[in-house]
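Working through the structure, step by step
Here are the chains, one letter per residue:
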There are 2 protein chains.
Amino acid sequence: MEVEQVVCLPRLSRVAVCGGTHGNELSGVYLVRELQKEVMEKEEEEEEEEEEHPSVSMVLSNPRAVQQCRRYVDTDLNRCFTRADLNGPASGPLPYEMIRSRELNAKLGPKGRSGAVDLVCDLHNTTANMGLCLIAQMPDIPMRFIHFELSNKESYSLDSVGKHGFAMEIGPQPHGVVRSNVYTAMKAGVQHMLDWVCFFNSGTLFEGESVDVFTMIKHIDYPRDIGTRNITAAVHPHLQDRDFCLLRPEDPLFQTFSGETLRYEGNEPLYPFFINEGAYYEKGIALSLARKRRVMIPAIRVQTEQERQAHVRESASEEEDGL
Amino acid sequence: MEVEQVVCLPRLSRVAVCGGTHGNELSGVYLVRELQKEVMEKEEEEEEEEEEHPSVSMVLSNPRAVQQCRRYVDTDLNRCFTRADLNGPASGPLPYEMIRSRELNAKLGPKGRSGAVDLVCDLHNTTANMGLCLIAQMPDIPMRFIHFELSNKESYSLDSVGKHGFAMEIGPQPHGVVRSNVYTAMKAGVQHMLDWVCFFNSGTLFEGESVDVFTMIKHIDYPRDIGTRNITAAVHPHLQDRDFCLLRPEDPLFQTFSGETLRYEGNEPLYPFFINEGAYYEKGIALSLARKRRVMIPAIRVQTEQERQAHVRESASEEEDGL
């Protein structure tokens, strides 16, 4: 590589790994507990951390829902992190998750402020056959794959409390169940993320590469009975488990409970994901559809700690000169 | 076939198909609703039923749990059908499912009495990779495959309310999710069962055959932390999804969350089933182990309706002679 671009970015000193934001997504619950245990054992060994290592806090986000092995107690915690939610009046009885989102904001935020942790990694499971995905609502994380463009520019999820954040979503795993292969993939994913932060902090050269980014375009609900609102069809067996495989106009979409095939009526071929996610029946989402873009990430070298400090000294000296 | 044994059994006139006994096992919920709709449409056509057809009632067993998409509201309905549960004092506030089990006993039973329906088919889903299984707690159903021998001879499940009964269990399907392939298999299973009842009632010759019967020997719990009782391991990836495949001594059983393999310490090779069923974490069951027996069912011909009536007339005449 001949051209090398050095970018000036602050180091990621504080990282939070959160599990149990949905209390029945068990890989994250057990991984956070395991990592907490490993950290305690490590502290006993009194190993000195190297400079590039961030401090990592493990957080069980919704302990009450974990206790009950339910997604949530009163309302979906992962929708409670808009500024309005976090800063609204405290009068009257709040849903448990609204109280908890403020506690988490105090611990990991405040959202949008300089005191917030540098990176939040929020662990999730899905019943959809999505493999390991990174989901971000913010536009500037190079390692994201699924991208929710928010029209009102306000993110609502726990990972938005940090300066940077993303959800790590792994499936298929039924809610209320932990599958060893999914747990192990999540553990490896978190380890990769922490390694990446160390590389980032130490000023490693990141080679340029291309990444497929799936930008969410729309949700599709199940067909429903007009009167009862009960669903009248399941995801078609030809579509089930085929997350991220192109869905073309006229492809089978649903199979009604009486056996009829309903087809995709859109004009544009799109990529389905979150196909038949259990928690989304109540949200009116049978699957989401995305447009795929290949994004080229140029080769960059993040500055080393020495360069960072030199840069800070330089800026200070320039400021002095300017006075 | 030369030898033909005619057995005298009363016809199965009334059959109940129950779904939603666990409110988040959705194939049964949607199948019962679909069959209710199909029966209503059929009634509008005013087709006359043939003699061998039983009357079939479709029952949504736990509507409140279905509404909330949870296994149960207060307690597991499918454990509320012992005689003590059904006939205990009504004083004091009862759990919802105890009230409901009495309603169902009034509708489909009374358990152990001549007024009970002839056959109860109770529809269930499991997160385990068990395919389609029939489970019976009673010792005399030829079509059962999994057999729970009850030491106290008292069955506790909904299907025990009828004169005969069994659970139809299909997986893998996450709870709170309906998968089209699982729904379709269940629908076919119910249709086979109803066809079988018609053959039975019409005096069909059943050819002899052998059936593998898995008799439950014991349950195995997850390894747990002594203090918190939290699980410390998941089912080993080599065992996950291998229901009904022989588990031998020293085979991998669990993988701890720190990555260690724990092995099966039993002396006898046994057949695992209900491996990693989501609803059984709270029951302390990671998997169940069964002994397999091959049972030979001799060729039999059930008597026809005419033979039945002749038999009834003969008995009456014999009784008169005896007087």
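Residues numbered from 1 in each chain as written. Chains lettered and ligands numbered in written order. Predicted model: local features only at pLDDT ≥ 70, side-chain atom pairs only at ≥ 80, totals over all residues. Heavy atoms only, no water.

**Notes on the overall build of chain A**
- Assigned secondary structure in chain A consists of six helices and 15 strands.
- Relative to its full complement of 323 residues, chain A shows a buried share of 51%.
- Considering only residue pairs separated by 6 or more positions, chain A has 73% of its internal contacts joining residues 24 or more positions apart.
- Carbon and sulfur atoms form 50% of the exposed surface of chain A, whose accessible area is close to 15,700 Å². (Helix = DSSP H or I, 4+ residues; strand = E, 2+ residues; numbered from the N terminus. Buried < 20%, exposed > 50% of the residue type's maximum accessible area, 1.4 Å probe, protein only. Contact = heavy atoms within 4.5 Å. Areas by Shrake-Rupley, 256 points an atom, 1.4 Å probe, with all protein chains shown as cover.)

**Topic: the UniProt feature "domain: AstE/AspA barrel-sandwich hybrid" (unreviewed entry) in chain A**
- The feature "domain: AstE/AspA barrel-sandwich hybrid" (unreviewed entry), as given by UniProt, occupies residues 210-292 of chain A in the numbering adopted here.
- Helix makes up 0% of residues 210-292 of chain A and strand 37%, with an end-to-end C-alpha separation of 12 Å. (UniProt positions renumbered as here; feature names shortened; annotations may be inferred.)

**Let's talk about the side chain of Asn-24 of chain A**
- As for its placement among the helices and strands, Asn-24 of chain A is situated in the loop between strand 2 (14-19) and helix 1 (26-45).
- Ignoring any residue separated from it by four or fewer positions in sequence, one finds Asn-24 of chain A in contact with Cys-69, Arg-70, Arg-71, His-175 and Gly-176 of chain A.

**Description of the relation of the copies chain B and chain A**
- Expressed as a screw operation, the relation of chain B to chain A combines 0.0 Å of axial shift with a rotation of 180 degrees, fitting to an RMSD of 0.0 Å. The symmetry that links the two subunits is that of a two-fold axis. Minimal C-alpha distance to the rotation axis in chain B is attained by Pro-174 of chain B, lying at 2.3 Å.
- Taken as a fraction of all interface residues of chain B, those also at the interface in chain A reach 100%, which identifies the copy contact as same-surface. (Least-squares fit on C-alpha atoms with pLDDT ≥ 70 in both.)

**Description of the sheet that holds strand 10 (residues 233-235) of chain A**
Residue and element names in this part refer to chain A.
- Pairing within the open sheet is antiparallel, and its three strands lie in the order 10-11-12. Edge positions in the sheet fall to strand 10 and strand 12 (261-263), since each of these pairs with one other strand and no more. Averaged over neighbouring strand pairs, the angle between their axes works out to 35 degrees when direction is ignored.
- As judged from the three bridges shared by strand 11 (residues 252-256) and strand 12, these two strands associate in the antiparallel manner. Within the sheet, the bridge partner assigned to Phe-254 lies in strand 12 and is Leu-262. (Pairing = 2+ DSSP bridges. Axes fitted to C-alpha atoms, helices over the stretch in contact; angles between N-to-C directions.)

**Looking at the pairing of strand 11 of chain A**
All names here are of chain A.
- Counting buried positions over the five residues of strand 11 gives five, a clear majority of the element.
- The sheet contact formed by strand 10 and strand 11 spans three bridges and is antiparallel. Looking at strand 11, one finds that Ala-233 is bridged to Thr-256.
- Counting the residues between successive antiparallel strands, the hairpin from strand 11 to strand 12 contains four residues, one of them, Gly-259, with a positive phi of roughly 110 degrees.

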